[in-house]
Amino acid sequence: MSAILDDDKEIIVDFINESNEALEKTELILLSLEEKLAGAETIDDNDINTIFRTFHSIKGSAGFIGLTRLNTLTHEAETLLDNIRKGKTELLKKHIDIFLEVSDTLMMMMNHLHDNFSEEGFPGDVENLKERIKKMIADTENPGETKAESGPSPKSGKKKKASSKKQQESKKEPDFDALITPEMEKQFVVDAQELLDEMEQDLLNLEKNTDNLELVESVFRNMHSLKGNAGFFNFKDINQVCHRAETFLDRVRNEEAKAESNQISMVLQVLDFIRTAVDNLDQGKPPVISGKIGLLDLMTEVFQLDCPEEASGEASDWDVPSVEQKEVPEKTDTPEVKPENAKKEDAGEQSTPEKTAAPKDNKKPRSSVNDVIRVDVDKLNKLMDLVGEIVISESMVSHNPELRDLELESFEKSISYLQKNVRELQELATAMRMIPLNGLFSKMKRLIRDLSNKNNKKIELVINGGETEVDRSVLEHISDPLVHILRNAADHGIETPDKRVARGKPETGRIGLSAKQIGGEIWIVIEDDGNGLNREKILKKAMEKGLIGENDTDMPDEKVWNLIFQPGFSTADKISDISGRGVGMDVVVRNVEKIRGRVEVISEEGKGTTINLRIPLTTAIVDGMLMRVENTIYAIPTLDIKESLQVGANHVVDLIDGQEIIKIRENLIPVLRLHELHELSFAPKPMSEGIVVVTEKGSSGMGFLVDEILGQQQLVIKPLPGYLGDIKGVSGCAVLGNGEICLILDLSNLIKLVETT
Amino acid sequence: MFKSWFTNNVNSPSGSYSTDEPIKVVRRKRQYKTGKISISDPQLREEIRFLGITEKDLGIVATWQDIALESIDDLVDVFYDHVKSFAPTLQVLNRHTTVERQRPMLTKYIKDMFNGVIDDAYVQNRRTVGIVHERIDLAGSYYLAMYEVIRDFFISLLKTISATDEEIHDFSESFNRLIQVDVALTIDAFNKARQEKIEQARIRQEELFTELKSTVMALVEDATSGQLGSRVDVSRKSEELHEVLSDLNKMLDALNAPVDEAVAVLQNMASGDLTVSMRGDYQGDHSRLKEHINTTLERQSRLIKSIQNAVEQVASGASQISDGAQSLSQSTTQQASALQEITASLTQIGSQTSQNAQNADAACQLVDSTHDKGQKAVETVGNMKNAMNDLKDASDQIGKIIKVIDEIAFQTNLLALNAAVEAARAGMHGKGFAVVAEEVRNLAQRSAKAAGETTELIQGTIAKVQNGLTFTDEVDTSFTAIMQDIDKINTLVQEISVASREQNEGIKQTNSGLSQIDKATQGNTAVSEESAAASEELASQAAELKKLLAQFKTQAGAVEEKPKVAFEYN
Amino acid sequence: METEVYEQEVDMQEGQFLTFMIGDQQYGVEIKHVTEIIGIQNITALPDLPPFVKGVINLRGRVIPVVDVRLRFDMEARDYDERTCIIVVNINETSVGLVVDTVAEVLNIPVESIEPPPKVNKKINGNRFIYGLGKVEDEVQILLDTQKLLFEEELEQLTALG
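Summary of the structure given here.

Calculation criteria
- Residues numbered from 1 in each chain as written.
- Chains lettered and ligands numbered in written order.
- Predicted model: local features only at pLDDT ≥ 70, side-chain atom pairs only at ≥ 80, totals over all residues.
- Heavy atoms only, no water.
- Salt bridge = Lys/Arg side-chain N within 4 Å of Asp/Glu carboxyl O.
- Helix = DSSP H or I, 4+ residues; strand = E, 2+ residues; numbered from the N terminus.
- Buried < 20%, exposed > 50% of the residue type's maximum accessible area, 1.4 Å probe, protein only.
- Contact = heavy atoms within 4.5 Å.
- Buried area = accessible area lost by both parts, 1.4 Å probe.
- Polar contact = N/O pair within 3.5 Å; in protein donor to acceptor, adjacent residues only side chain to side chain.
- Nonpolar A, V, L, I, M, F, W, Y, C, P; charged D, E, K, R; others polar.
- Pairing = 2+ DSSP bridges.
- Axes fitted to C-alpha atoms, helices over the stretch in contact; angles between N-to-C directions.
- Parallel < 35°, antiparallel > 145°, perpendicular 65-115°, else oblique.
- Left-handed = near helix turned anticlockwise from the far one by under 90°.

## Looking at the pattern of salt bridges
Residues and elements named next belong to chain A.
Then, in step 1: Evaluation of the coordinates by the stated rule reveals 59 salt bridges over all chains.
Then, in step 2: D250 is the salt-bridge partner of R253, the closest N and O atoms lying 2.9 Å from each other. Of this pair, R253 and D250 both sit in helix 11 (residues 236-253), 3 residues apart, which is roughly one turn of the helix. A single burial state applies to R253 and to D250, both of which are buried.
Then, in step 3: Each member of the salt-bridge network shares a partner with another, and the members are D197, E200, E207, D272, R275, R446, R449 and D450.

## Here's the deal with the side chain of C:E36
Then, in step 1: Positionally, C:E36 belongs in strand 3 (residues 34-39).
Then, in step 2: Assessed through its relative accessible area of 12%, C:E36 is described here as buried.
Then, in step 3: The residues contacting C:E36, other than those within four sequence positions of it, are B:N418, C:L59, C:R60, C:I86, C:I87 and C:V88.

## Thoughts on the interface of chain A and chain C
Then, in step 1: Each side of the interface is counted separately: chain A has 19 residues, and chain C has 25 residues.
Then, in step 2: Buried area between chain A and chain C, both sides added, is near 1800 Å², and the carbon and sulfur share of it is 70%.
Then, in step 3: Contact with chain C buries surface across chain A, with A:Y723, A:L724 and A:I741 losing the most and accounting together for 43% of the total.
Then, in step 4: For the pair chain A and chain C, the interface holds 0 salt bridges.
Then, in step 5: Taken together, the connections running from chain A to chain C amount to 0 residue pairs in polar contact (both at pLDDT 80 or more).
Then, in step 6: Those elements giving two or more residues to the side of chain A that touches chain C turn out to be strand 17 (730-735) and strand 18 (741-745) of chain A.
Then, in step 7: Residue composition of the side of chain A that touches chain C, by class: 10 nonpolar, 4 polar and 5 charged.

## Considering the interface of chain B and chain C
Then, in step 1: Listed per partner, the contact involves 17 residues of chain B and 21 residues of chain C.
Then, in step 2: Buried surface at the junction of chain B and chain C, both sides included, amounts to about 1500 Å², of which 58% is carbon and sulfur.
Then, in step 3: The three residues of chain B that bury the most area against chain C are B:F410, B:L417 and B:R425, which together make up 33% of that side's buried surface.
Then, in step 4: Applying the counting criterion to the chain B and chain C interface returns 3 salt bridges.
Then, in step 5: Residue B:D406 pairs with C:R83 through a salt bridge whose shortest N-O separation is 3.0 Å.
Then, in step 6: There are 4 residue pairs in polar contact (both at pLDDT 80 or more) connecting chain B and chain C.
Then, in step 7: For the side of chain B that touches chain C, the leading source of residues is helix 12 (residues 284-426) of chain B, giving 12 residues.
Then, in step 8: Within the side of chain B that touches chain C, the residues separate by chemical class into 7 nonpolar, 3 polar and 7 charged.

## Digging into the sheet that holds strand 3 of chain C
The strands making up a sheet associate through backbone hydrogen bonding, with each pair oriented either parallel or antiparallel.
Then, in step 1: Strand order in the open sheet made by the 5 strands is 3-6-7-5-4 (chain C), with mixed pairing throughout. Of all strands in the sheet, those with a lone pairing partner are strand 3 and strand 4 (53-59) of chain C, marking the two edges. Between one strand and the next, the sheet's axes are offset by a mean angle of 30°, whatever the strand orientation.
Then, in step 2: In this structure, strand 4 of chain C lies alongside strand 5 (residues 62-68) of chain C, joined through 6 bridges in antiparallel fashion. Opposite C:V53, over in strand 5 of chain C, you have C:V67 as the bridge partner.
Then, in step 3: In the packing of helix 12 of chain B onto the sheet, the strands contacted are strand 3 and strand 6 (85-91) of chain C, and the crossing angle to strand 3 of chain C comes to about 180°.

## Thoughts on the packing of helix 10 (residues 165-224) of chain B against helix 11 (residues 242-270) of chain B
Geometrically, a packed helix pair is captured by the angle between its two axes and the distance between the axes.
Residue and element names in this part refer to chain B.
Then, in step 1: One way to put it is that helix 10 packs onto helix 11 with a least axis distance of 12 Å and a crossing angle of 10°. Here helix 10 lies roughly parallel to helix 11, going by the angle between them. The handedness of the crossing between helix 10 and helix 11 comes out as right-handed. Residues L212, T215, V216 and L219 of helix 10 form the contact with helix 11, whose participating residues are V244, L245, L248 and L252.
Then, in step 2: Residues belonging to the contact of helix 10 with helix 11 are distributed by class as follows: 7 nonpolar, 1 polar and no charged.

So this is what it looks like as structure tokens:
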């Protein structure tokens, strides 16, 4: 192990982290086994299997990284365990002793590895231990067979074969199905998706720079990991396809062949097939690849694999026990009882180290060993909920009416300390849910690539600010809108190269995708230098659809552009398979509004279009201004409030249709009376008796007449119970400190009420 | 308008002509019918012929019979309009009949004129009309005018049907003659009827005169022979004479009345009754007679009365003196004994008064001690009130606690129910738990029940305490009132004590005054007995005189000298 | 239909009902829908709702809608007192509070004691929500179809919208 690349270091660190975790558990299991043995209790096969998997997975990873000593040691331990779990050898105290010794040695090796990034110079007597295990294996009934297969191979190419055979062997094990829990499958899906994403990015980069062997190496590693994982679960199709691709990649990285662009496309295509299979699995269907045979043939052809014997030989290896194997995937799929067990995570830990053996995030090198743990999203969500509850209960305590008139000096201090901590806790919890946009943005590269190929356009996607973090829920909600917007940009926005040249633009179109944090919002900006929106075309279409009247043609650009977000609106002259069916852009607005964001469009015909998604940082907690109307308490996000003022009668302009308008500093602002909208009171009240809260929504703002302003408070937004249906202009509610419930106003909906009247 | 249409319709059977265009139809002259005069009485027949009417005239008139009959109703209307337009005729009409009743008679009358025949019936009919007119006193001049109305009507009718001038002329002449016959007959009948009436009246007057003469003669005969009481029996005489004869009777009555009365009055006077007098309302000589008799009576009565009065006064004076003397003597005796009684009483009062004073002092002390006790009672009541209030507060407090217990029981019940729900949801595993939950629920319900019962009890207690408080308040008020009363009594008793002593002193002084009065009384007694004897003698003589005078009855108003009343005391 | 479903479920909750009072009549809902029972609490009224939906309550941080069963039955409203209870039921992942005069008990009514609702008498309040009449000793419990109680008619549409 000479030159150790940074990437390799990362891999090693990941490997160490995961291995240590697994080993710690192994130790505990061994100790419990020892106890059971002493008490002559039944030994749970699962325990043996867990240990087996740990060693197996360390073996695999070690072999891959090239850690020979680790590899061979775990191999011997694994062999012994295999005998035991197959009943060839009875589990004895001495076995546990030696396994513990192996475990200790492995941990020590990990420490050594962490410091040196190499197993060279490890002081422990690994060889001795190995020999002792071998001896024990020899003592067992049938040592020969194990030995015959135990040729450890530092070369990954061959190791593959060994490990797959090993897995094949384990498949035949009747108990094996029982080992696979739904959690493990879930984990597989997550890992597979990550691996696929990474491979895709690398391949896209590789297309531009076909000589970059590092990229090939990365794709190869990921492909290999995926293959291994699939093999473990006996997902035959995925395994086979991965294997074929891996063979090709192996040749490329060994510079035995050079990756042609059609071949890279082929690999990308393969990834799509695998992705489909993984998605199937995620939905509880078998992860089969339809048309696999054809695909395999095609791969052989495209990849110009000159060793079909090897490939087919392997394939036949897989295919021979077909009777058995055919059943296996079905069995694996049968457990559709996921939700019931979803919360129990006991079995998950073992699978974790095995699969995370594959590097995950190679963009952010981790410097220390123990600072990252994987947390279930459900748990995070619960944490967030709980933090919300804490915010509420803190406010219940600090605003408790019974304390109001008391002089409680030290209590006040304690409370403000509590408040500070709660605030920090809340920020931290929010931060924990924050995910960089990188992943999402990267996916878009592939999208643009495919679209440009399909449309024969040249498009460059320029990504900026991918490191910006957003809340998980935000990420989920903007994924679809982004796809829709980018599709539109590539499909309708960017012109064909000829046209671009004719217009005096560079041949290659440019789509910018950037993110940045501005105040309490994240702005995600998608800009293209294409056609821009055609005002006349939009107006014509809108009139055809009856969205606007004949007299509306002089509406400002801003409003015209917003028409494209109306359901069923499409200006595309012909319907392509990508866009133009008129579905899509309305999804953008709907999704973005779900997370209380908004969409802005700027466009200039012939020059391009810019779409800005403005999304609040977090969706769960908002700083709200509480106001009272009759007996109902409403809240408006503080950020949306421009000012609150008392309006004299002389500032009120009554429009003919009854909409009241006030005039503030030359601005005409429509005022909405919640009294009337929600029928809280029927006695009209002069505007001067209430307070008008002016918000920023709408062209010149919108005012609300309220009876009283109660103050500002952190509100944990809850949706209104679905049972109640939609309530005009209310987006959700929040529980206040005194247990009362306030309604959070949906400004973007309310502004529509005002503007349409 | 209607009228003109109607007439048009009459003269043009087709009815299609307009009023504006007079018809110019040349038509044939009518063929006149031939009339007939057949009167059985030859004298009458001559008379009629004398009036100038011929059978030809009757024929001419009859020729227009159809036309006349067609518009006869119209004519009748015109006729009565005319009658009504003149006050005297209208008056006659209204007095005796109505248009409706008359209409058929008039119609028949006119129809007859166009029959072209004058026979006995015709004549009789006209005569009847004359007799009726006499009965209702309708002057002939008035109905002459009415004939003119009829004639005018028919002439204008003929004009409208474009009869030729000649035809009109003929008709007018003949109809006039017919009218004259009618008039002659009617007036003749009228006159005859009237003459008959006058003759009857004259015969009746003669009969009445004879009767009156005989009656008066009989009466005169009686009077001459002194039978002034004889009168005419009016009912047996003719009705026309009733008035005269009644008046005659009245005159005789008036002459006789004063004589009778004077006789009766004088008879009474003879028997000593001076109270009578003549009361009748008489004139002239009779009046003077009444005046003299009454004056005589009055003077006599007054004289007797004066004597009676004087005697009366003497008698009563005597008796009064006698009575006075006697009562004086009596009262003097009484006075003496009364004085003795008074003296005795006073002595008794004196001793009682001093007893009073002593009692009052004792009462005073008693009241004082009552006052003290009362004061204590008030304090006790105050304490009781406080205790009651404390009890009430405690009850309220218990009530609150019970409410809390009840609330807890309710919450426990809810919890137990929730537990039961959970247990049910847990299925088999929850069975044991369900039993426990049920137990808890039972307990909770029992506590709730107990709490409810306790609440009732406590509320009862609170109510009772409240009652007690009210009572206590009342007692307190009463005690305060009693205390005030006691204070008042105290004052009063003290006043009594003082008054008793003063009284005692007064009684002693009174006693000495009384003994002086006693001495004087003894002297008086002797004198009064002497005067009593003298006065008794006087009284008996006066009584004798009175007896004599009582034989006369006198008039009430005769006494004027002195009011009797002054002597009625006895 | 309904009974079929119930028969299929071999369940200990089968035949268990939570009963409550509206006026003098006792009603029952199936235990399996009941989450918990709480005393009456402050109800935040919401605009724009049918009258029997009284608003929402804050149930330990959860915001759940509240339906007044009396009003749901078109019966006369009654002031809430300390005996008024809210039965929290959960159907189709939807929690709804039912305001009742008071809760009575948990009853076991075997299927054979449950008769289908009478067809004739349309006047019984809330007839359309009845799933059966349960006889326990001498008393008749009106057993309600919680599903219908919550989701019938317009609310179905509302839910579909939400």
